[in-house]
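Observations on the three-dimensional arrangement
One-letter residues, chain by chain:
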Amino acid sequence: MRGRRPNPRYPARLIAGAFLSVISVGTVLLSLPVATAEGGRAPLLTAAFTATSALTVTGLVVENTATYWSGFGEAVILALIQVGGFGIMFLASLLAVAIFHRLGLRRRLLTQAETGAVGLGDIRRILVGVAWFTVVFEGVTAVALALKLALGEGEPPLRAIYLGVFHSVSAVNNAGFDLFSDSLVEFVGDPWMVVPVLGGLVVGGLGFPVLVDLRRSFLRPARWSLHTKLTLYTTGLLLVAGIGAFLWFEWSNPGTMGPLAWPEKLLTGTFQGATPRTAGFTTIDYGSAKESTLLVTTMLMFIGGGSASTAGGIRLTTFAVLGFMMWAEIRAEPDVQLFRRRVPPAAQRQALTVALVGLTVGVWGTLLLMAVSTSSLPSAMFEAFSAFGTVGLSTGITSDLAAPGQLILMVLMFLGRIGPWTFAAALVLRQRRPQYRYPEERPIIG
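Throughout what follows, the structure given in this document is the object of discussion. Nothing here was measured: the structure is a model prediction, and the numbers come from that model.

**Brief notes about the overall build of the protein**
Per the secondary structure count, the protein includes 16 helices and three strands. A total of 446 residues make up the protein; the buried ones form 52% of that total. Sequence-distant contacts, at least 24 apart, represent 69% of the contacts inside the protein between residues at least 6 apart. Split by element, the accessible area of the protein, about 21,600 Å² in all, is 65% carbon and sulfur.

**Re the pattern of salt bridges**
Counted by the stated rule, this structure contains three salt bridges. Between Lys 148 and Asp 190 there is a salt bridge, and its shortest N-O distance comes to 2.5 Å. Pair noted here: Lys 148 is in helix 6 (residues 123-152) and Asp 190 is in the loop between strand 1 (181-184) and helix 8 (191-204), with a separation of 42 residues, a long-range link. When sorted by exposure, Lys 148 lands in the same class as Asp 190, which is buried. Taken together, the salt bridges that share partners define one network made up of Lys 148, Glu 153 and Asp 190.

**Description of the packing of aromatic side chains**
Applying the stated rule across the entire model yields eight aromatic pairs. Relative to Phe 382, the ring of Tyr 286 lies with its centre 5.3 Å away and its plane at 40 degrees, an arrangement referred to as tilted. With Tyr 286 in the loop between helix 11 (262-274) and helix 12 (291-303) and Phe 382 in helix 15 (residues 377-388), the pair connects residues that are 96 residues apart, well separated along the chain. Judged by relative accessible area, which is 2%, Tyr 286 ranks as buried. Centre to centre, the rings of Phe 302 and Phe 385 are 5.8 Å apart; their planes meet at 75 degrees, and the pair counts as edge-to-face. Taken together, the residues span a long stretch of sequence, with Phe 302 in helix 12 and Phe 385 in helix 15 at a distance of 83 residues. You can call Phe 302 buried: its relative accessible area is 15%. Three or more aromatic residues joined by ring pairs make a cluster, and in this case those are Trp 132, Phe 133 and Phe 137.

**Some remarks on the nonpolar core**
Considering soluble globular proteins, one finds that nonpolar side chains tend to be buried as a cluster. One finds Ile 77, Ile 81, Leu 184, Val 197 and Phe 271 to be the most contacted residues of the largest nonpolar core, which totals 43 residues. Among the elements of the structure, helix 1 (11-30), helix 2 (44-55), helix 4 (71-102), helix 6, helix 7 (157-172), helix 8, helix 11 and helix 16 (403-429) are those that each provide at least two residues to this core. Beyond its immediate stretch of four places on either side in the chain, Leu 184 contacts Met 193, Val 197, Phe 271, Phe 281, Thr 282 and Thr 283.

**Observations regarding the packing of helix 10 (residues 226-250) against helix 11**
Contact geometry of helix 10 with helix 11 gives a least axis separation of 8 Å together with a crossing angle of 130 degrees. Here helix 10 is positioned oblique relative to helix 11, judged by the angle of their axes. Of the two possible hands of crossing, helix 10 and helix 11 adopt the one that is right-handed. Residues Leu 238, Leu 239, Gly 242, Ile 243, Phe 246 and Leu 247 of helix 10 lie in contact with helix 11, whose contacting residues are Lys 265, Leu 266, Thr 268, Gly 269, Thr 270, Gln 272, Gly 273 and Ala 274. Here the contact of helix 10 with helix 11 is built from residues that sort into seven nonpolar, six polar and one charged.

**Here's the deal with the environment of Glu 38**
Topologically, Glu 38 is positioned in the loop between helix 1 and helix 2. By relative accessible area, Glu 38 is classed as exposed at 82%. As a C-alpha pair, Glu 38 and Tyr 68 span 30 residues in sequence and 7.6 Å in three-dimensional space.

**Considering the packing of helix 8 against helix 11**
Between helix 8 and helix 11, the shortest axis-to-axis distance is 10 Å and the interhelical angle comes to 25 degrees. The angle between helix 8 and helix 11 falls in the class roughly parallel. When you trace helix 8 past helix 11, the crossing you get is left-handed. Contacts from Pro 191, Val 194, Val 195, Val 197, Leu 198, Leu 201 and Val 202 of helix 8 reach helix 11 at Leu 267, Thr 270, Phe 271 and Ala 274. Counted by class, the contact of helix 8 with helix 11 contains 10 nonpolar, one polar and no charged residues.

About the cut-offs
Residues numbered from 1 in each chain as written. Predicted model: local features only at pLDDT ≥ 70, side-chain atom pairs only at ≥ 80, totals over all residues. Heavy atoms only, no water. Helix = DSSP H or I, 4+ residues; strand = E, 2+ residues; numbered from the N terminus. Buried < 20%, exposed > 50% of the residue type's maximum accessible area, 1.4 Å probe, protein only. Contact = heavy atoms within 4.5 Å. Areas by Shrake-Rupley, 256 points an atom, 1.4 Å probe, with all protein chains shown as cover. Salt bridge = Lys/Arg side-chain N within 4 Å of Asp/Glu carboxyl O. Phe/Tyr/Trp six-rings, centres within 6.5 Å; stacked < 30°, edge-to-face > 60°. Core = buried A, V, L, I, M, F, W, Y, C linked by side-chain atoms within 4.5 Å. Axes fitted to C-alpha atoms, helices over the stretch in contact; angles between N-to-C directions. Parallel < 35°, antiparallel > 145°, perpendicular 65-115°, else oblique. Left-handed = near helix turned anticlockwise from the far one by under 90°. Nonpolar A, V, L, I, M, F, W, Y, C, P; charged D, E, K, R; others polar.

In structure tokens:
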């Protein structure tokens, strides 16, 4: 008698349940009197909001992390960030394995060759690989930050190590939580502090499949998978676009980059051009940024980082596939082709669906925030897409929102973390060949 194959039809239900369970545990721990600096119990909503933001590696806060929470509370937040980052990468890879399990052998091998993903018997290697990359990158970033804080800022050695570890975990996992009073604003022109954080958040935003591919063939781009090529090239394109836009709009703004010397402006523009797609660290006050900068940042937050990474958004490959779909349609080409490969119609439909669902959620979140608060359209849109993209950047209105507004952001953070890739996985897992097809008729488009 053959063993029954596990039913993978409802991956979103399984992952959502796991996230809700961990959020509940985190809320209980943060509600304990020992979790706050003053010893009193944190309000339930404050604890739940912080636990949700930490586990979804977002970084939006209603209370200052450095002053409101005790050492125990900070440790809980750090643990939630690590579980959220490590768990997301592992679950995304595990879902890829589950998807291959439903496909036929031929299709499974073709997909594995194209994406550079792992096979069915490699769950142990996935765990070891994710753990190895996480420890290495977090360790390197922590050492760099600890040395800077100890030697350059005069922090006691143990305190410097603690701050280095906390901000390293937060950066690599794209969480954006910090133990300073105003993120990294006080280090705006300090490359020894800004560059390690930037490196950690960019690497964390690439995704585990890309890191594995680069480890195997770093100097041989011809052997990179289609997914790796799309992720790296799109990352480079958006970095250039984001940095250029930020420098253009904020170069003379007296509230942000205006008072800085030109080398500090270049460093600030580079950092702020990268962080919207991944982590919520900032070296400027977004409350003083121009509306054009807020719009560009919102678009970058919506796109997000790499698939199976600690970043959020609709993901880089989704954005890239949509761009190539439009290019193919403009050129009247029958197939969507990139890097001498054809993108199957199912992947095109999934990319379009993920993008439209994400846009719908972000727009409704904006409308609801405006309905329950006095926030302007730019601020509400910025906050909503920051929550949905699990970025954590803020114009400063999050801490001023009443309970309904905080609940809306919590839902957006939750949907933004588990939504796009579980939804895409569910679409793939539910694919089936229909027994009949209706006659074809073309509607008028445009």
